[in-house]
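# Structural features, examined
Next come the chains, spelled out residue by residue.
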Amino acid sequence: MDLIVWRHAEAHEAEPGEDDMQRTLTPRGRKQAERMAVWLDAQLAQGTRVLSSPAVRAEQTVRALSRKYKVRDALSPGASVADVLESSGWPEARYPVLLVGHQPALGGLVAHLLGMPEAACAIRKGAVWWLRHRIREGQAQTVLLAVTCPERL
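Presented here is a report on the structure given in the accompanying data block. Everything numeric in this text was worked out from a predicted model, so none of it was measured.

## Notes on the packing of helix α3 (residues 81-88) against helix α4 (residues 105-113)
- At a minimum axis distance of 9 Å, the contact between α3 and α4 shows a crossing angle of 75°. Taken as axis vectors, α3 and α4 run roughly perpendicular relative to one another. Along its contact with α3, which presents V81, V84 and L85, the element α4 presents A105, L106, G108, L109, H112 and L113.
- Residue composition of the contact of α3 with α4, by class: 7 nonpolar, 2 polar and no charged.

As C-alpha cells, this is what we get:
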C-alpha cells in the first residue's frame, strides 16, 4: 500500500473571532498547492483514493489536484494520529491513499509509521511525504519513497 501525506498549503492566519476551519489559502499557498498538484498528478495512480480534512484551506489545497476527493472529519485540525491512521486504511488498503490534512497529526503519523518519536517529523506547509508498506522476507516494512515541497519543484 502507498500512503501519500500532503499538508495543506500556506493559509492566512485566523483573525480574532474567526473560525479556524474557515481559514483560506494565501496567494502563495495557492501557488504551492498548484505546483504540488502538478507533480502529484504525474505520480499518482489512477485508482488513488483522495481524502481531505473539511477545513477550507485543506479543501482548497486538494482542489488544485482536480481529482475526486472525499472529506473526512477524522482529518480535521486537532485530529489524533490514531484517527488519521484509521482513515487511511493502513496497511491493508489495496489502493494508494492520499491524505490532505494538518500538523501535528500528519507528522505524527509519519513518525509513527517510521518508528520514530511522534514529535520527530515536522511537515512543511504544502509538502508531500510518500510512504509504502511492503512485506520482505516475512517482515512488514515501511519505506519512505519521497519527500518533496513546492519550493523544490
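We are not done yet, so read on.
## Some remarks on unusual backbone geometry
- The peptide bond linking W90 to P91 adopts the cis configuration, its omega dihedral lying at -5°.
- Of note, P91 is situated in the loop between α3 and β4 (97-101).
- Residues Q103 and P104 are joined by a peptide bond in cis, for which omega reads 5°.
- Residues other than glycine seldom take positive phi values, yet E137 does so here, at roughly 50°.
- By the secondary structure assignment, E137 is in the loop between β5 (128-136) and β6 (139-148).
- Since its relative accessible area comes to 84%, E137 is described here as exposed.

Conventions used here
Note on numbering: residues in each chain are counted from 1, in written sequence order. Since the coordinates come from a predicted model, pLDDT governs what is reported: local features require at least 70, and pairs of side-chain atoms require 80 or more to be given and counted, while whole-chain, interface and lining totals use all residues. Side-chain descriptors were evaluated using all non-hydrogen atoms of the structure, hydrogens and water having been removed beforehand. Helix axes are fitted only over the stretch in contact, all axes being lines through C-alpha atoms; the angle between N-to-C directions runs from 0 to 180 degrees. In this text, helices come from DSSP runs of H or I with a minimum length of four residues, and strands from runs of E with a minimum of two, each type numbered from the N-terminal end. Oblique is the label for every angle not falling under 35 degrees (roughly parallel), over 145 degrees (roughly antiparallel), or within 65 to 115 degrees (roughly perpendicular). The contact criterion used throughout is that any non-hydrogen atoms of two residues lie within 4.5 Å. Residues are sorted three ways: Asp, Glu, Lys and Arg are charged, Ala, Val, Leu, Ile, Met, Phe, Trp, Tyr, Cys and Pro are nonpolar, and all the rest, Gly among them, are polar. Partly exposed residues are those whose accessible area sits between 20% and 50% of the maximum for their type, while under 20% is buried and over 50% is exposed, using a 1.4 Å probe and protein chains only.

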